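Architecture at a glance
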Amino acid sequence: MTDDHEAHGPEHSLRFVRTFRYVVADVFTDAPLAGNPLAVFTDGRGLDDEEMQKLARELNLSETVFVLPPESGGHARIRIFTPAVELPFAGHPTLGSAFVLGGPLQLLEIQLETLAGIVPVALEREGDRIVFGRMSQPLPKWEPYAEADALLAALGVGRSELPVEHYDNGAEFVYVGLGSVEELTALRPDVGALLDLPGLLGAYCFAGEGAQWRTRMFAPGGGVTEDPATGSAAGPFAVHLARHGRIGFGDEIEITQGVEIGRPSTLFARADGTAEQLERVEVGGSAVIVARGEFRLP
């Protein structure tokens, strides 16, 4: 953040102006203009909660991050906003922030403080360039989703291949399995009906087998009709598949998301432990910085 003054009016009176710089990164991709775009305000000091929310709404990306000094032993603290709400944790903002901040700090692992706790992100480099990051996510809790029938109706599908369950790792998602990628691609959900469902931040729909999966995520309640890449949902997704025997615990899966909205993304996820004793959930991917800018506010 920088401060300056501007001449204003016929008397050239000085007006105080605050400048807030931001970086835009495309996350869960190694190619510009793909993946999930993210804005990172690298110094959010001086912004109040309302201003942060308004800036996130102005940019209108899935999420916007504001970086602040650490309070709990991490390297930096981040606050994460969709256009509509603040989130305790989200995946692509955490990974994208690690790429933006990890370069200047020259760290092999960056510890980011979120409202859901400290999230470590291990960074892999080729020379001076960060090429991959892998975050250890908060361990999710899960339960059956009480409004499963209404959710299926809102999505326009007759059944789910696996139990319809709600997971919470600081972000909240309900998982619905489709019988084929073609069925997944054909989804045309009733957005209004999704908004009416209680306790639903995001509906995460999936199809595939083995190590290869395709997904779509709808979160109109958070101001995101369809998300290009949902890192916070990818970790619980690996848990969901392992709990129901579609993969083994410790197996890494590759997730393709965002194809239907022209933002192809690639995520990698793994869950270690057992259904009774979950030990670790990891999600990884790449990111590229594509733009820089600044907001000038009174």
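This structure is a prediction, so every number in the text was calculated from the model and none was measured.

**Side note on the overall build of the protein**
Helix and strand counts for the protein stand at six helices and 19 strands. For the protein, whose C-alpha radius of gyration is 20 Å, the value lies close to the compact-globule estimate of 19 Å for 298 residues. If you line up the protein on its principal axes, its C-alpha atoms span 70 × 45 × 35 Å. In the protein, 60% of the contacts between residues at least 6 apart in sequence involve partners at least 24 apart. Looking at the protein as shown, the accessible area adds up to about 12,700 Å², and 50% of this sits on carbon and sulfur atoms. Across the protein, the 23 positively charged side chains and the 43 negatively charged ones have centroids separated by 4 Å.

**Some remarks on the confidence of the model for the protein**
Model confidence for the protein is summarised by a mean pLDDT of 94, while 95% of its residues fall at 70 or above. Under a pLDDT of 50 for its full length, residues 7-13 has, in the predicted model, five contacts with residues more than four places off or in other chains.

**Some words on empty space enclosed by the protein**
Going through the model one piece at a time under the given rule, you end up with two cavities of 30 Å³ or more. Considering only enclosed or pocket space, the largest cavity measures out at about 120 Å³ in volume. Lining the largest cavity are 13 residues; nearest its centre among them are Glu63, Leu87, Leu201, Met217 and Ala219. Of all the secondary structure elements, the ones that give two or more residues to the lining of the largest cavity are β14 (212-219) and β15 (224-227). Classifying every residue of the lining of the largest cavity gives seven nonpolar, four polar and two charged. In this structure, the second largest cavity is lined by Glu63, Ala90, Gly91, His92, Pro93, Asp227, Ala229, Thr230, Gly231 and Ser232. Elements supplying a minimum of two residues to the lining of the second largest cavity: α2 (91-105) and α6 (231-243). Considering each element in turn, the lining of the second largest cavity owes the most residues, three residues, to α2. The class makeup of the residues in the lining of the second largest cavity is three nonpolar, five polar and two charged.

**Let's talk about the packing of aromatic side chains**
The full count for this structure, using the stated rule, is 14 aromatic pairs. With a centroid separation of 5.1 Å and 75 degrees between ring planes, the pair formed by Tyr167 and Tyr175 is classed as edge-to-face. Tyr167 sits in the buried class, given a relative accessible area of 1%. Residue classification places Tyr175 among the buried positions, given a relative accessible area of 0%. Taking 4.8 Å as the distance between ring centres and 50 degrees as the angle between the ring planes, the aromatic pair formed by Phe206 and Phe237 counts as tilted.

**Some remarks on the layout of surface pockets**
Its boundaries defined by the atoms lining it, the largest pocket holds a volume of some 200 Å³. If you trace the largest pocket, you find it lined by Val23, Thr42, Phe99, Val100, Pro104, Arg129, Ile130, Ala287, Val288, Ile289 and Arg292. Elements represented by at least two residues in the lining of the largest pocket include exactly α2, β9 (129-136) and β19 (287-297). Per-element accounting of the lining of the largest pocket gives the leading share, four residues, to β19. Across the lining of the largest pocket, the residue classes break down as eight nonpolar, one polar and two charged.

**Topic: the pattern of salt bridges**
All told, the structure shown has 19 salt bridges when counted by the stated rule. The shortest N-O distance in the salt bridge between Asp43 and Arg45 comes to 2.8 Å. On the basis of relative accessible area, Arg45 is assigned to the partly exposed category, the value being 47%. The partner of Arg77 in a salt bridge is Glu71, with the nearest N and O atoms 3.3 Å apart. One network of salt bridges, with partners in common, ties together Arg214, Arg216, Glu226 and Glu260.

**Some remarks on helix α3 (residues 148-155)**
Considered for burial, the residues of α3 that qualify are Ala148, Leu151, Leu152, Ala154 and Leu155. All buried residues of α3 fall inside an arc of 160 degrees around its axis, so they share one side. With respect to the buried face of α3, the exposed residues turned more than 90 degrees away are Asp149 and Ala153. Against the buried residues of α3 lie β12 (172-177), α5 (191-196), β13 (202-209) and β14. With its phi angle positive at about 80 degrees, Gly156 sits one or two positions after the end of α3.

**Side note on unusual backbone geometry**
With a phi close to 65 degrees, Phe28 is a non-glycine residue in the positive phi region. Mapped onto the secondary structure, Phe28 falls in the loop between β2 (13-27) and β3 (36-41). Phi is positive for Asn60, close to 60 degrees, though the residue is something other than glycine. By the secondary structure assignment, Asn60 is in the loop between α1 (49-59) and β4 (63-68). Owing to a relative accessible area of 53%, Asn60 belongs among the exposed residues under this scheme.

Thresholds applied
- Residues numbered from 1 in each chain as written.
- Predicted model: local features only at pLDDT ≥ 70, side-chain atom pairs only at ≥ 80, totals over all residues.
- Heavy atoms only, no water.
- Helix = DSSP H or I, 4+ residues; strand = E, 2+ residues; numbered from the N terminus.
- Rg over C-alpha atoms; globule rule 2.2 N^0.38 Å.
- Contact = heavy atoms within 4.5 Å.
- Areas by Shrake-Rupley, 256 points an atom, 1.4 Å probe, with all protein chains shown as cover.
- Lys, Arg positive; Asp, Glu negative; His and termini not counted.
- Charge placed at Lys NZ, Arg CZ, Asp CG, Glu CD.
- pLDDT = per-residue confidence, 0-100.
- 1 Å grid on protein atoms, 1.4 Å probe; cavity = no way out; pocket = protein on both sides within 12 Å on 5 of 7 lines; lining within 4 Å.
- Points joined across faces, edges and corners; volume = space filled by probe spheres on them.
- Nonpolar A, V, L, I, M, F, W, Y, C, P; charged D, E, K, R; others polar.
- Phe/Tyr/Trp six-rings, centres within 6.5 Å; stacked < 30°, edge-to-face > 60°.
- Buried < 20%, exposed > 50% of the residue type's maximum accessible area, 1.4 Å probe, protein only.
- Salt bridge = Lys/Arg side-chain N within 4 Å of Asp/Glu carboxyl O.
- Arc of directions from axis to C-beta.

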